[in-house]
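Breakdown of the fold
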2 protein chains.
Amino acid sequence: MDSLEEVNDFVKNGHQQYLPHISLDSVIFGYHDQHLKILLLKWKGMNGWGLPGGFIQRREPMSQAANRILQERTGLDQVFLQQFHIFGDSPYRLQEQSPQEFTKKYGHVVEDSWLFERTLGIGYFALVDYSKVSVQTDFFTDDHQWWDVLEIPTLLFDHNEVVQKALATLRLQIYHQPIGYNLLPEKFTLNEIHSLYETILGKELDIRNFAKKLVSLGIVKKLDERRAIGPHRSPYLYQFMKEAYENALKQGLVHTY
Amino acid sequence: MDSLEEVNDFVKNGHQQYLPHISLDSVIFGYHDQHLKILLLKWKGMNGWGLPGGFIQRREPMSQAANRILQERTGLDQVFLQQFHIFGDSPYRLQEQSPQEFTKKYGHVVEDSWLFERTLGIGYFALVDYSKVSVQTDFFTDDHQWWDVLEIPTLLFDHNEVVQKALATLRLQIYHQPIGYNLLPEKFTLNEIHSLYETILGKELDIRNFAKKLVSLGIVKKLDERRAIGPHRSPYLYQFMKEAYENALKQGLVHTY
């Protein structure tokens, strides 16, 4: 959506193509080299940052919409993407916007629009390698940036709440879900997965207990194989046990002790 | 909503009062005396069972709507109630209903209605003591029953999927969330909480490991107090550590190891 004509049509008639009252808000975590970041877009005219997002097409499965939006924004497909919360309580979510406000923001005169109505936000999060991502902006946004999770600015709307909830969920689920799959090579060293988990959790983890825990929870298995990384250094390799993991999750068996 | 006039108005004009395209579906778990059940309502004219639910008022916070619906159905207030998933992918959720179908179901002739449009379902679950609940039915339903979780029949719509996801979430979260608060007396014996957890998880738990785990996770504390329940039997009492628990949850710290 780039031309003014397309934007006009979206603002006026988008509800014929998309479900009104519901948006998808994506918290895209980026990990690389022991840094955990979040993708933010700069909204035009509002002098502020917010999360990328979009709407569900009338006949489109919701998870497909989430994948489409992620792909449109980042070019990425087939990554771990998960709904984590629906936001419908914050003051911002309870009110309608005015056309005047919209015009002021985007310099774009409209009378009435489905975009001004109360909209619940379905939060999805993804975890990607940000060094591999090429971000797309559009008519409503004019810049993007990966922000360190420890330095997130005050965001537009209720997006700080959305980010905090996503981070809390990511941390809660890191031992339940195959979260790190696309961030590590297929076979990785204990040091590599240890760094990833320490970075996501934002704290130090004793590496011996950590290895025991991962293996006992059935998340990874130790291979009978090593990687030569230097003289006298050839650590054992590990691999995610993706299938067993997903089966257990489907049955609600993971971590029920 | 009982009179035909009220129902007519709801079918025709309900979208002026409620947000269209979004329903709340409640999985109300009932626990009593080592049985775990789910509240189902029988839909009029459809010869089938489904979950209780409702809609969000235009200016109503979503969590308030969930509480209101629970209260309207069960008379209960202030129970542990939590959103757990939003359903927007199943074939039932992707299609619109026809007026003919509606008329056939309810013997009620209508032309067009916001109720026929595609509707995403926000799943909430609650856990209550079913011996204390008095269930309300309305125009659309004509019976209710508490069904054992092991004997749930084939449900209307995609409600079997909703129930399975709720049960899996309940089991995943039983060590993260203050789920049993309103099901046990303020001070309880190890046997009482052990029975509750075994019933919810649907499996046996070694009672010694269980006690250690609960205390080490900071969910309960052992009191310096006993309950006399018979000659030579006066077990120690335990209490939930509700405050520490909720603080940790807010910070996303529970169970991040």
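Rules and cut-offs
Residues numbered from 1 in each chain as written. Chains lettered and ligands numbered in written order. Predicted model: local features only at pLDDT ≥ 70, side-chain atom pairs only at ≥ 80, totals over all residues. Heavy atoms only, no water. pLDDT = per-residue confidence, 0-100. Contact = heavy atoms within 4.5 Å. Least-squares fit on C-alpha atoms with pLDDT ≥ 70 in both. Core = buried A, V, L, I, M, F, W, Y, C linked by side-chain atoms within 4.5 Å. Buried < 20%, exposed > 50% of the residue type's maximum accessible area, 1.4 Å probe, protein only. Phe/Tyr/Trp six-rings, centres within 6.5 Å; stacked < 30°, edge-to-face > 60°. Lys NZ or Arg CZ within 6 Å of the ring centre and 35° of its normal. Axes fitted to C-alpha atoms, helices over the stretch in contact; angles between N-to-C directions. Helix = DSSP H or I, 4+ residues; strand = E, 2+ residues; numbered from the N terminus. Parallel < 35°, antiparallel > 145°, perpendicular 65-115°, else oblique. Nonpolar A, V, L, I, M, F, W, Y, C, P; charged D, E, K, R; others polar. Buried area = accessible area lost by both parts, 1.4 Å probe. Salt bridge = Lys/Arg side-chain N within 4 Å of Asp/Glu carboxyl O. Polar contact = N/O pair within 3.5 Å; in protein donor to acceptor, adjacent residues only side chain to side chain.

With that settled, consider the confidence of the model for chain A. With 92% of its residues at a pLDDT of 70 or more, chain A has an overall mean of 86. Predicted confidence is poor over residues 251-257 of chain A, with pLDDT under 50, and the contacts of this stretch with residues over four places away or in other chains come to 24 contacts.

Turning next to the relation of the copies chain A and chain B. Between chain A and chain B, which share one sequence, the superposing operator has a rotation angle of 180° and an axial displacement of 0.0 Å; the RMSD is 0.0 Å. Given the turn and translation reported, the copies of this chain are related as if by a two-fold rotation axis. When the interface residues of chain A are mapped onto chain B, 100% of them are again interface residues, pointing to one common binding face.

Membership of the largest hydrophobic core comes to 54 residues, with the highest contact counts inside it found for Leu24(A), Ile56(A), Ile122(A), Leu24(B), Ile56(B) and Ile122(B). In this structure, Ile122(A) is in contact with Ile22(A), Ser23(A), Leu24(A), Asp25(A), Ile56(A), Met62(A), His85(A), Ile86(A), Ile86(B) and Leu120(B), ignoring residues within four places of it in sequence.

This paragraph deals with the packing of aromatic side chains. Residue and element names in this part refer to chain A. In this structure the tally under the stated criterion is 30 aromatic pairs over all chains. Put simply, the rings of Phe 10, Tyr 18, Phe 55 and Trp 114 pair up and form one aromatic cluster. If you follow Arg 226 out to its NZ or CZ, it ends over the ring of Tyr 236, 4.1 Å from the centre.

All right, on to the packing of helix H6 (residues 190-201) of chain B against helix H7 (residues 207-216) of chain B then. Residue and element names in this part refer to chain B. Closest axis-to-axis distance for the H6/H7 pair is 11 Å, and the angle between their directions is 95°. Taken together, the axes of H6 and H7 are roughly perpendicular relative to one another. Only Ile 207, Phe 210, Ala 211 and Leu 214 of H7 make contact with H6, whose side of the interface consists of Leu 190, Asn 191, Ile 193, His 194 and Tyr 197. Of the residues that constitute the contact of H6 with H7, the class distribution is seven nonpolar, two polar and no charged.

In this section: the interface of chain A and chain B. At the junction of the two partners, chain A supplies 37 residues and chain B supplies 37 residues. Between chain A and chain B, roughly 3,500 Å² of surface is buried when both sides are summed, and carbon and sulfur atoms account for 59% of that area. If you look at where chain A meets chain B, you find two salt bridges. A salt bridge links Arg58(B) to Glu117(A); its shortest N-O distance comes to 3.5 Å. For the interface between chain A and chain B, the tally reads 18 residue pairs in polar contact (both at pLDDT 80 or more). Where the side of chain A that touches chain B is concerned, the elements lending two or more residues are strand S1 (18-32), strand S4 (53-57), helix H2 (62-74), strand S5 (81-87), strand S6 (120-128) and helix H5 (159-173) of chain A. A per-element tally of the side of chain A that touches chain B places S1(A) first, with four residues. Among the residues making up the side of chain A that touches chain B, the classes are represented as 16 nonpolar, eleven polar and ten charged.

As a further point, take the pattern of salt bridges. Inspection of every chain in the model, using the stated rule, returns 16 salt bridges over all chains. Note that Arg227(A) is salt-bridged to Glu192(A), the shortest N-O span being 3.2 Å. Of this pair, Arg227(A) sits in the loop between strand S9 (220-226) and strand S10 (236-240) while Glu192(A) sits in helix H6 (residues 190-201), and the two are 35 residues apart along the sequence. Among the salt bridges present, the one from Asp25(B) reaches Arg93(B), with a minimum N-O distance of 2.9 Å. In this pair, Asp25(B) is assigned in strand S1 (residues 18-32) and Arg93(B) in helix H3 (residues 91-94), connecting sequence segments 68 residues apart. Of the residues examined, Asp25(B) reaches a relative accessible area of 6% and is grouped as buried. Linked by salt bridges that have partners in common, Asp25(A), Arg93(A) and Asp158(A) make up one network.

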